[in-house]
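Summary of structural features
What follows is each chain in one-letter form.
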Amino acid sequence: MNKESFYPLLSPREVIEAGSFGGSYFGMLDLRTNGDYNNMFNEIFNGLDISLYEGETYKPRLNKFKTRSGMPYEYWKEKGWMHEDDPYGWFEWYCKYYLGRRHEDDKRQIQRWNDFCGINGRWRKLIYRKIYESGRWNISPRIQQSLLHWGYKVNEIDYIEWVKSTNHKYKKISYDK
């Protein structure tokens, strides 16, 4: 796995600014046992309202697509998907990677990203199929919200690439009002 196979469309700041994690990704303060989160927040989120990333409760209204997305923290923990250096999970890892940290967990996290929303990622392929079948961009808000959490934004260029890769006939998609 090389770094060229990891290319989120959005920076961590853009993910938060767009409206993600119900405003509560870093809201569980008791997880902050192994690092200086204030420095990370200052570098990435400087000037943003902390309610966009440190809320105590998940608020779907703060999400771009106004829907709940993702599984509860306990679910991820039970699956063993949290590395002790990144107790909040993937997005914490991504913030640190974005700031230049390289880590033993990089390969696994990059593979997870690719499986989710890389060129052959399950959810990326599914959203483009749904867009194609419906003829609308504004479809499946939960899937689009989940993709946003992973730094991916549905877009026309990738849609066209999906159409070509699946041998579908191109059809223009309408923008909902």
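In what follows, the structure referred to is the one given above.
Remember, it's a predicted structure, so these values are computed and weren't measured experimentally.

**Remarks on the packing of helix H2 (residues 37–45) against helix H4 (residues 90–98)**
Where H2 contacts H4, the two axes come as close as 10 Å, and the packing angle between them is 70°. Classed by the angle they form, the pair H2 and H4 counts as roughly perpendicular. Across the interface between the two elements, Tyr 37, Met 40, Ile 44 and Phe 45 from H2 touch Phe 91, Glu 92, Cys 95 and Lys 96 from H4. Looking at the contact of H2 with H4 residue by residue, the class counts come to six nonpolar, no polar and two charged.

**Details of the pattern of salt bridges**
Side chains carrying opposite charge are able to pair once their charged atoms draw close together. All told, the structure shown has eight salt bridges when counted by the stated rule. Among the salt bridges present, the one from Arg 13 reaches Glu 17, with a minimum N-O distance of 3.2 Å. Taken together, the positions of Arg 13 and Glu 17, both in helix H1 (residues 12–18) and four residues apart, correspond to about one turn of that helix. On the basis of relative accessibility, which here comes to 43%, the residue Glu 17 falls in the partly exposed class. Taken together, the salt bridges that share partners define one network made up of Asp 86, Glu 92, Lys 96 and Arg 101.

**Side note on the nonpolar core**
Residues Phe 26, Phe 45, Phe 91, Tyr 128, Ile 131 and Tyr 159 are the most contacted members of the largest nonpolar core, which totals 43 residues. When residues of this core are traced back to their parent elements, those giving at least two are H1, H2, H4, helix H5 (106–117), helix H6 (122–134), helix H7 (141–149) and helix H8 (156–165).

**As for unusual backbone geometry**
The residue Lys 66 is not glycine, and still its phi comes out positive at about 55°. With respect to the element layout, Lys 66 can be found in the loop between H2 and helix H3 (73–78). The backbone of Asn 167 shows a phi angle near 60°, a positive value even though the residue is not glycine. Mapped onto the fold, Asn 167 is located in the segment after H8. Since its relative accessible area comes to 72%, Asn 167 is described here as exposed.

**Quick notes on the packing of aromatic side chains**
Tallied over the full model, the rule gives 36 aromatic pairs. Where Phe 21 meets Tyr 25, the ring centres are 4.5 Å apart and the plane angle is 55°; that geometry is what we call tilted. Tyr 25 shares its class with Phe 21; the two are buried. It is Lys 171 that lies over the ring of Tyr 132; its NZ or CZ is 4.5 Å from the centre.

**Looking at the state of the cysteines**
Using the criterion set out here, one finds zero disulfides in the structure. No disulfide involves Cys 95; its nearest neighbouring cysteine sulfur is the one of Cys 117, lying 15 Å away. Judged by relative accessible area, Cys 117 falls into the buried class, the value being 0%.

Calculation rules
- Residues numbered from 1 in each chain as written.
- Predicted model: local features only at pLDDT ≥ 70, side-chain atom pairs only at ≥ 80, totals over all residues.
- Heavy atoms only, no water.
- Axes fitted to C-alpha atoms, helices over the stretch in contact; angles between N-to-C directions.
- Helix = DSSP H or I, 4+ residues; strand = E, 2+ residues; numbered from the N terminus.
- Parallel < 35°, antiparallel > 145°, perpendicular 65-115°, else oblique.
- Contact = heavy atoms within 4.5 Å.
- Nonpolar A, V, L, I, M, F, W, Y, C, P; charged D, E, K, R; others polar.
- Salt bridge = Lys/Arg side-chain N within 4 Å of Asp/Glu carboxyl O.
- Buried < 20%, exposed > 50% of the residue type's maximum accessible area, 1.4 Å probe, protein only.
- Core = buried A, V, L, I, M, F, W, Y, C linked by side-chain atoms within 4.5 Å.
- Phe/Tyr/Trp six-rings, centres within 6.5 Å; stacked < 30°, edge-to-face > 60°.
- Lys NZ or Arg CZ within 6 Å of the ring centre and 35° of its normal.
- Disulfide = S-S within 2.5 Å.

In short, shape yes, function no, at least from these values alone.
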